[in-house]
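So the chains spell out like this:
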Amino acid sequence: FFSDLFCNSTTMLSTGSKKSTQWQTPAAMALNFLSAVGIIFVNKIIFKEYDFQYATFLTACHFVMTWFGLILLSLKPISYFQVRPVNIKEVIPICLAFCGFVIFNNLSLQTNSVGFYQLMKVMTTPVVGILQFS
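A brief structural summary. (Residues numbered from 1 in each chain as written. Predicted model: local features only at pLDDT ≥ 70, side-chain atom pairs only at ≥ 80, totals over all residues. Heavy atoms only, no water.)

1. A look at a nonpolar patch on the surface
A surface patch of nonpolar side chains, amounting to about 710 Å² of accessible area, comprises Val64, Met65, Trp67, Phe68, Ile71, Leu72 and Leu75. With respect to the helices, strands and loops of the structure, Phe68 is situated in helix α4 (residues 55-74). When its relative accessible area of 44% is taken as the criterion, Phe68 is described as partly exposed. (Patch = residues over 30% accessible without salt bridge, like charges linked within 9 Å, V, L, I, M, F, W, Y side chains within 5 Å. Areas by Shrake-Rupley, 256 points an atom, 1.4 Å probe, with all protein chains shown as cover. Salt bridge = Lys/Arg side-chain N within 4 Å of Asp/Glu carboxyl O. Helix = DSSP H or I, 4+ residues; strand = E, 2+ residues; numbered from the N terminus. Buried < 20%, exposed > 50% of the residue type's maximum accessible area, 1.4 Å probe, protein only.)

In structure tokens, the structure reads:
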């Protein structure tokens, strides 16, 4: 199912069925958007309704679930991608930056409204662009 839904452009070009795969990119984008918004609202409900004060633990839970999902996507029936070894020294800086990004996002969501959180998330790209050119 996933390999049919999210095939890459190489697969699309080799099969020659461009017309039948035109919906795949918008479907992947919609799935990404809906899952991101869903996770944000679920996190906010956990923080507000259940007075959960452990944003870092919640982040660890997200990472574990992502790891399980990636393992499932790499197994034979789906085989969406192939696992390959990497040099840990090369990837540790980006891993730490990503972990910090997610932790600080959850801490922000814990203390701010969803609207403010989304506004700041959207404004990150223009601010980084302005800082790069100043």
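2. Points about the layout of surface pockets
Taken as a whole, the largest pocket holds about 1100 Å³ of empty space. Asn32, Ser35, Ala36, Ile39 and Thr66 are the residues nearest the centre of the largest pocket, which is lined by 27 residues in total. If you list the elements that add at least two residues to the lining of the largest pocket, you get α3 (24-49), α4, α5 (88-111) and α6 (114-133). If you tally residues by element for the lining of the largest pocket, the top one is α3, at nine residues. Taken together, the residues of the lining of the largest pocket sort by class into 18 nonpolar, eight polar and one charged. (1 Å grid on protein atoms, 1.4 Å probe; cavity = no way out; pocket = protein on both sides within 12 Å on 5 of 7 lines; lining within 4 Å. Points joined across faces, edges and corners; volume = space filled by probe spheres on them. Nonpolar A, V, L, I, M, F, W, Y, C, P; charged D, E, K, R; others polar.)

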